[in-house]
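Below, each chain spelled out in residue letters.
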Amino acid sequence: MNSFEIHIPTRIYFGSSKESAFFDQLKDYGNRVLVVIGGGSVKRIGYLDEVKANLSQRNIEFVLFEGIEPNPHAVTIDRAAAIGKENDVDFVLAFGGGSVMDASKAIAGLIHDDAKEIWPYVLGEPKYKTMQGALPVATIPTTAATASEVTAHAVISNPEVKGKSPISYPFLKPSASWLNPAYHTSLPPQTTRDGASDILSHVFENYILGGNEAPPADRYSEGVMQVVIEALPKVLENPENESLRGQLLWASTMALNTMQTAGRVPTTFLLHNLEHALSGYNPNLAHGRGLAILYPAYFKWLVENNRCVDRLALLGEKLFDIKTSNINESAAEFIAVFEGWLEDNGLYQRLTDQSIPAEAFPEIADYALRVYGDGEKIDAAGPITKENIIEIFKLTEEQIAGSINVAEV
Ligand code: NZQ
Ligand code: ZN
């Protein structure tokens, strides 16, 4: 086991009966809050009225900021922070998906630092600025995906420069989060699928690259993956089932709360690095969908390059009971079965299906290398070069729905 340090300061409230406890807790953070929402789904569905009523009952004044985009734009965050500052808010309440939660963290940082623009703070920006602190942030996640409700990260997009990049500080970890599955029953099927894909990626990226030294992290991660693999098809069939929604929601929080990697070799999240570059290029690409497109291609690339094959074979054994006498065979079978699962769940696609043409691959690879690597390579259990990234992107072109025949493997 490798050394590790874990600090999860977020008070987590799970379930509808924790509503009062969560809103009571908010009083500790002040009596004026900036409530941040996305494009309006929580308003249309009526959830926002419940939140407003809870705040009013506790004499917490609120200012509403509406309009955070999926893959939140830097300029929108700047606008929201200016409004928060003007209104002298004490804390920020994020009510939405990962984009709203990330935007809220960034807004809380800008208000604290009395700064006007978020983009100079993101990783890889030449004008890189260090954030000094943030107002308290509370969250009510309405997607099961990012775990932003407990993480130190906020991922920001800037369509003007085709960029998408994170800020990460321990003080951005939310102070309190209310996980209410009832708010998830309205999620459209595609957003549900994209979220599940994101959850899986959070657990298996380090699983694959992080070595064999931490069986507790392995067993924990396998459990989270198993829940997602089993629950997603059921949720898609029963979208209003709160119990099933709750399974995905809690799995999402567990998948990126730092327990999942404890004791392994720390590694970069390569697929995340690449996906951020992809959705920086096309801000309409949902994060989880971009990841799902990359998985099979990346797995095949790993096997072709003889990297981490034993870990892919282990995943096959633990998740799908695949056992053969040869790890390459097991890894190949795992990839085929997993591709089948992706296809069955509407997640098997190509980059070109998402308006990312092959001509853009070099430019996107350059962005990923600059932000997440040293300009030439990213270290991911061995170097990943520009050529390698383009190879992985090109492999995604073989992912044509209807093309998999698991029986032949
Ligand atoms: O904008 P509204 O109207 O709210 O609609 C949203 C949006 O269109 C909709 N939605 C959310 N909850 C809903 C709902 N529709 C109906 N009912 C509900 N209950 O869903 C759409 C997608 O929302 P978004 O927040 O963009 O999705 P997600 O939660 O997947 O967040 C993605 C963002 O999080 C970042 C991603 O890069 C991406 O920018 N990530 C953040 C991380 C972190 N902070 O630690 C880690 C992740 O790996 C990820 O990078
Ligand atoms: Zn993610």
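Owing to the predicted nature of the structure, the values given are computational and were not obtained by experimental measurement. (Residues numbered from 1 in each chain as written. Chains lettered and ligands numbered in written order. Predicted model: local features only at pLDDT ≥ 70, side-chain atom pairs only at ≥ 80, totals over all residues. Heavy atoms only, no water.)

**Section: the site of ligand 1**
The condition that has to hold: Near residues are defined by distance, with any heavy atom within 4 Å of the molecule or strand qualifying the residue. Here a polar contact is taken to be a pair of N or O atoms separated by no more than 3.5 Å, where protein atoms must pair a possible hydrogen donor with a possible acceptor and residues adjacent in sequence count only if both atoms sit in side chains. The Shrake-Rupley method, run with a 1.4 Å probe sphere, supplies the accessible areas, and residue values consider only the shown protein chains as cover.
By nearness alone, 31 residues border ligand 1, and G39, G98, S99, D102 and T143 come closest of all. D102 has a polar side-chain atom sitting 2.7 Å from a nitrogen atom of ligand 1. Taking H272, its side chain carries an N or O atom lying 2.9 Å from an oxygen atom of ligand 1. Coverage of ligand 1 by the protein chains reaches 88% of its 970 Å² of free accessible surface.

**As for the nonpolar core**
Quick note on the threshold: Here, nonpolar core refers to any group of buried Ala, Val, Leu, Ile, Met, Phe, Trp, Tyr and Cys residues whose side-chain atoms link them within 4.5 Å. With a 1.4 Å probe rolled over the protein chains alone, any residue whose accessible area is under 20% of its type maximum counts as buried; one over 50% counts as exposed, and the rest are partly exposed. Only DSSP runs of H or I with at least four residues qualify as helices, and only runs of E with at least two residues qualify as strands; both kinds are numbered from the N terminus onward. Residue ranges labeled as domains rest on an automatic or database domain assignment. Contact between two residues is taken to exist if any of their heavy atoms lie within 4.5 Å; hydrogens are not considered.
In this structure, I107, I118, I167, F204, Y295 and F299 are the most contacted members of the largest nonpolar core, which totals 107 residues. When residues in this core are grouped by element, the largest group, eleven residues, is from helix 10 (residues 287-304). Each of domain 1 (11-184) and domain 2 (189-408) gives at least three residues to this core. In contact with I107, other than residues within four places in its own chain, are L34, V36, I77, A80, A81 and V92. Counting 22 residues, the second largest nonpolar core, distinct from the first, contains Y13, V33, V42 and A138.

**A word on the pairing of strand 5 (residues 137-141)**
Put simply, the rule reads: Here a strand pair is declared whenever DSSP counts at least two bridges between the two strands.
Among the five residues that make up strand 5, five are buried, leaving the element largely enclosed by the rest of the structure. Of the two faces of strand 5, the one lined by V137, T139 and P141 and the one lined by A138 and I140 are each fully buried. Judged from the five bridges that link them, strand 4 (residues 91-96) and strand 5 form a sheet pairing that is parallel. In the strand pairing of strand 5, A94 is matched with T139. Looking at chain direction, strand 5 and strand 8 (residues 176-179) are connected through two bridges and run parallel. When the bridges of strand 8 are listed, T139 appears paired with S177.

**Remarks on the coordination of the zinc ion (ligand 2)**
The condition is simple: Metal-coordinating donors are taken as N, O and S atoms lying within 2.8 Å of the metal, or within 3.2 Å when the metal is Na, K or Ca; because water is left out, some sites can appear incomplete.
For the zinc ion (ligand 2), the protein coordination sphere consists of D198 (OD), H202 (NE2), H272 (NE2) and H287 (NE2), at 1.9 to 2.2 Å. Sequence positions of the residues that donate to the zinc ion (ligand 2) give the spacing D-x3-H-x69-H-x14-H. Taken together, the residues D198 in helix 6 (residues 189-209) and H272 in helix 9 (residues 270-281) connect sequence positions 74 residues apart.

**Some thoughts on the domain arrangement of the protein chain**
We apply this condition: Accessible area that two parts lose when put together, with a 1.4 Å probe and added across both, is what the buried area reports.
According to the domain assignment, the protein chain contains domain 1 (11-184) and domain 2 (189-408). Placing a centre on the C-alpha atoms of domain 1 and another on those of domain 2 gives a separation of 27 Å. Of the residues lining the interface, 28 residues belong to domain 1; the matching set on domain 2 comes to 29 residues. Here domain 1 packs against domain 2, burying approximately 2,300 Å² in sum over the two surfaces, 62% of which is carbon and sulfur. By the criterion of area lost to domain 2, the three top residues of domain 1 are A144, K162 and K164, representing 25% of everything that side buries.

**Structural notes on the confidence of the model for the protein chain**
Selection rule: Confidence per residue, as judged by the predictor, is encoded in pLDDT with a range of 0 to 100.
On average, residues of the protein chain carry a pLDDT of 96, and 99% of them reach 70 or more. Mean pLDDT per element in the protein chain: helix 2 (residues 41-45) is the minimum at 95, and strand 5 is the maximum at 99.

**Overview of the packing of helix 6 against helix 7 (residues 215-237)**
Selection rule: For helices, the axis comes from a line fit to the C-alpha atoms of the stretch in contact; other axes are also lines fit to C-alpha atoms, and the angle between any two N-to-C directions lies between 0 and 180 degrees. Roughly parallel means an angle under 35 degrees; roughly antiparallel means over 145; roughly perpendicular covers 65 to 115; every other angle is labelled oblique. Two helices cross in a left-handed way if the nearer one is turned anticlockwise from the farther one by less than a right angle. They cross in a right-handed way if the turn is clockwise.
Here helix 6 crosses helix 7 at 165°, and the two axes come no closer than 10 Å. With respect to their mutual orientation, helix 6 and helix 7 come out roughly antiparallel. Note that helix 6 runs across helix 7; the crossing there is left-handed. When helix 6 is examined against helix 7, the residues P189, T192, R193, A196, I199, L200, V203, F204 and Y207 are found in contact with a partner set consisting of D218, R219, S221, E222, V224, M225, V228, I229, L232, V235 and L236.

**Observations concerning the sheet that holds strand 4**
Strand order in the open sheet formed by six strands is 1-8-5-4-2-3, and the pairing between neighbours is parallel. Two strands lie at the open edges of the sheet, namely strand 1 (11-14) and strand 3 (61-66), each paired on one side alone. Along the sheet, successive strands turn relative to each other by an average axial angle of 15°, direction set aside. Sitting on the sheet, helix 1 (residues 19-26) touches strand 1, strand 4, strand 5 and strand 8, and the angle it makes with strand 8 is about 160°. Sheet contacts for helix 5 (residues 98-113): strand 2 (32-37), strand 4 and strand 5; angle to strand 4, the most-contacted strand, approximately 170°.

**Description of helix 4 (residues 74-86)**
Just so we agree on the cut-off: In this scheme, a helix's expected span is set at 1.5 Å multiplied by one less than its residue total.
Between the first and last C-alpha of helix 4 there are 18 Å, a value that for 13 residues agrees with the 18 Å anticipated at 1.5 Å per step. Within helix 4, the full set of buried residues consists of A74, T76, I77, D78, A80, A81 and G84. Contacts from the buried residues of helix 4 go to strand 2, strand 3, helix 5 and strand 6 (153-158). Directly after helix 4, the chain includes D88, whose backbone phi takes a positive value near 55°.

**Topic: the packing of aromatic side chains**
Formally: Working definition: a ring pair exists when centres of Phe, Tyr or Trp rings (six-membered ring for Trp) sit within 6.5 Å. Plane angles under 30 degrees give stacked, over 60 give edge-to-face, the rest tilted.
Tallied over the entire structure, the rule returns 23 aromatic pairs. Measuring from centroid to centroid gives 6.3 Å for Y295 and F299, while their planes differ by 10°, and the two rings are stacked. On the criterion of helical spacing, the pair formed by Y295 and F299 is a turn pair, its members being four residues apart in helix 10. Grouping residues by exposure puts Y295 and F299 together as buried. Members of the aromatic cluster, each reached through a chain of ring pairs, are F204, Y295, Y298, F299, F320, F334, F338 and W341.

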